[in-house]
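# Breakdown of the fold
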Amino acid sequence: MKVLQLADACICCGGRDLASSPAVLMPFVASRALGQAPLEITADWGLHDLRPGMAYTLCHSLQCRDCGALFLDMRFTPAQMAALYEGYRGPAYTQQRDRFEPGYAATVARDYTRRHTYIAEVEAWLAPRLPARPRVLDWGGGDGSNTPFLGRARVRVHDISGAALAEGAERAALHAAPDHDLLVCMQVLEHVADPLAVLQELLPLMAPHTLLYLEVPHEALVRQHPPGTGLAPHKRHWHEHVNFFTPAALHRLAARAGLRVADTLFLPIDNGARQGEVMGMLLTKETQP
């Protein structure tokens, strides 16, 4: 079985000048992905060199001193990613997470069972560049309920969670023909072990006319410390978002994948459970010489 890998280079630009600071992996993620649970060390253990208290899964926050990408040093394997996201926000997942994070189930029921209101603003930004009824492929779109143009376009969704799809969405073939007007990858890259590999996986799905809308959280920590440097000591815990992107980092990542940034969107969001900002980029394939 493949063991957990630790990053030794930037996930965005590939640079090796990395700042490092100790942190902890949150218990739900450690349990779900790694099978590790918090452990209480008590006096009756008789350990003279360890203080009694709770022991959690240790990790490190890494930040590239070149492009500013901030990320967890642990890079989960495909099997660990599958374990972490199987049935994402489904009953079993939600029940397990609620045991670690009391109140999570109520939050899901209140704020994650409806379409996010900001999607309408994303659609308005994208619409002038697309046909009236675009063909849309959402890569990593969960159940498709937040896919742009759902109900107004042919929407196909690919997602590792296996979630039942929302009305109006259909399951995408893994090797779908590149006939899409719009390829969407929203709120995905902050979760994955290798963002570059994800973008490279998308390239064969892009026809010459295809637009790629890439969206990640513009995390509060990044926004609060412009230009987004010296962040590693401030990031002391990691949950399901294992990558934090600066604008420069996302630009560098796109360029490494052979993509050109056509436009950028910064959009405030408020879905009840989370207030903040998303960073969206509209990308095309680099033209061949």
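One can find the structure itself at the top, above this paragraph.
In this report, the structure presented in the accompanying data block is examined. (Residues numbered from 1 in each chain as written. Predicted model: local features only at pLDDT ≥ 70, side-chain atom pairs only at ≥ 80, totals over all residues. Heavy atoms only, no water.)

### What to know about the overall build of the chain
A count of helices and strands for the chain gives eight helices and 16 strands. The C-alpha atoms of the chain give 20 Å as radius of gyration, which agrees with the globular expectation for 289 residues (19 Å, within 12%). Each principal axis of the C-alpha distribution contributes one length, and for the chain these read about 70 × 40 × 40 Å. Looking at the chain alone, contacts between residues at least 24 apart form 67% of all its contacts between residues at least 6 apart. For the chain, the accessible area works out to roughly 14100 Å², and carbon and sulfur atoms hold 55% of it. Charge separation in the chain, taken as the distance between the mean sites of 27 positive and 30 negative side-chain charges, equals 3 Å. (Helix = DSSP H or I, 4+ residues; strand = E, 2+ residues; numbered from the N terminus. Rg over C-alpha atoms; globule rule 2.2 N^0.38 Å. Contact = heavy atoms within 4.5 Å. Areas by Shrake-Rupley, 256 points an atom, 1.4 Å probe, with all protein chains shown as cover. Lys, Arg positive; Asp, Glu negative; His and termini not counted. Charge placed at Lys NZ, Arg CZ, Asp CG, Glu CD.)

### Some points on the packing of helix H1 (residues 27–34) against helix H3 (residues 91–100)
Running from N to C, H1 and H3 point in directions that differ by 135°, and their axes come no closer than 9 Å. One finds that H1 runs oblique with respect to H3. Between H1 and H3 the crossing geometry is right-handed. Contact residues: H1 offers Pro 27, Phe 28, Ser 31 and Arg 32, while H3 offers Tyr 93, Gln 96, Arg 97 and Phe 100. Here the residues of the contact of H1 with H3 are counted per class, giving four nonpolar, two polar and two charged. (Axes fitted to C-alpha atoms, helices over the stretch in contact; angles between N-to-C directions. Parallel < 35°, antiparallel > 145°, perpendicular 65-115°, else oblique. Left-handed = near helix turned anticlockwise from the far one by under 90°. Nonpolar A, V, L, I, M, F, W, Y, C, P; charged D, E, K, R; others polar.)

### As for the sheet that holds strand E15 (residues 259–270)
The sheet built from seven strands is open, its strands ordered E10-E9-E8-E11-E12-E16-E15 with mixed pairing. Taken across any chain shown, the strands that pair with only one partner, and hence form the sheet edges, are strand E10 (169–171) and E15. Pairs of neighbouring strands in the sheet enclose a mean axial angle of 25°, with direction left out of account. Taken strand by strand, helix H5 (residues 119–126) contacts strand E11 (182–186), strand E12 (211–217), E15 and strand E16 (275–285), and its axis lies near 150° from that of E15. (Pairing = 2+ DSSP bridges.)

### Considering the pairing of strand E8 (residues 135–139)
Counting buried positions over the five residues of E8 gives four, a clear majority of the element. With three bridges joining them, E8 and E11 adopt parallel strand pairing. In the sheet register, Asp 138 faces E11, and the bridge partner there is Val 184. (Buried < 20%, exposed > 50% of the residue type's maximum accessible area, 1.4 Å probe, protein only.)

### Let's talk about the pattern of salt bridges
Using the criterion set out here, one finds eleven salt bridges in the structure. Its salt-bridge partner being Glu 123, residue Arg 115 comes within 2.8 Å of it at the nearest N-O pair. The network of salt bridges with common partners includes Arg 97, Glu 101 and Glu 240. (Salt bridge = Lys/Arg side-chain N within 4 Å of Asp/Glu carboxyl O.)

### Focus: H1
Burial analysis of H1 places seven of its eight residues in the buried class, the great majority of the element. Count one or two residues on from H1 and you reach Gly 35, which has phi positive near 70°.

### As for the sheet that holds strand E6 (residues 70–72)
What the five strands build is an open sheet, ordered E13-E2-E5-E6-E14; its pairing is mixed. What marks the edges here is a single partner per strand, and that holds for strand E13 (237–238) and strand E14 (243–244). Bridge count for strand E2 (residues 18–25) against E13 is two bridges, and the pairing is parallel. The residue bridging Leu 25 from the neighbouring strand is Trp 238, located in E13.

### Digging into the packing of aromatic side chains
Counted according to the given criterion, the structure contains seven aromatic pairs. Residues Phe 28 and Phe 100 carry aromatic rings whose centres are separated by 6.1 Å and whose planes lie at 65° to one another, so their mutual orientation is edge-to-face. Taken together, the residues span a long stretch of sequence, with Phe 28 in helix H1 and Phe 100 in helix H3 at a distance of 72 residues. Assessed through its relative accessible area of 1%, Phe 28 is described here as buried. Of the residues examined, Phe 100 reaches a relative accessible area of 30% and is grouped as partly exposed. Ring pairs connect the aromatic residues Phe 28, Tyr 85, Tyr 88, Tyr 93, Phe 100 and Tyr 104, which therefore count as one cluster. (Phe/Tyr/Trp six-rings, centres within 6.5 Å; stacked < 30°, edge-to-face > 60°.)

### Let's talk about unusual backbone geometry
Backbone geometry places Phe 149, a non-glycine residue, at a positive phi of 70°. With respect to the helices and strands, the residue Phe 149 is situated in the loop between E8 and strand E9 (154–158). A positive phi angle is found at Gln 187, which is not glycine, with a value near 55°. Considering the arrangement of structural elements, one finds Gln 187 in the loop between E11 and helix H6 (195–202).

### Points about the side chain of Lys 235
Note that Lys 235 resides in the loop between helix H7 (220–224) and E13. In this structure, Lys 235 is buried with no salt-bridge partner, the nearest side chain bearing the opposite charge being Glu 219 at 6.8 Å. Those residues in contact with Lys 235, other than ones at most four positions away along the chain, are Ala 23, Ser 61, Leu 70, Leu 221 and Phe 244.

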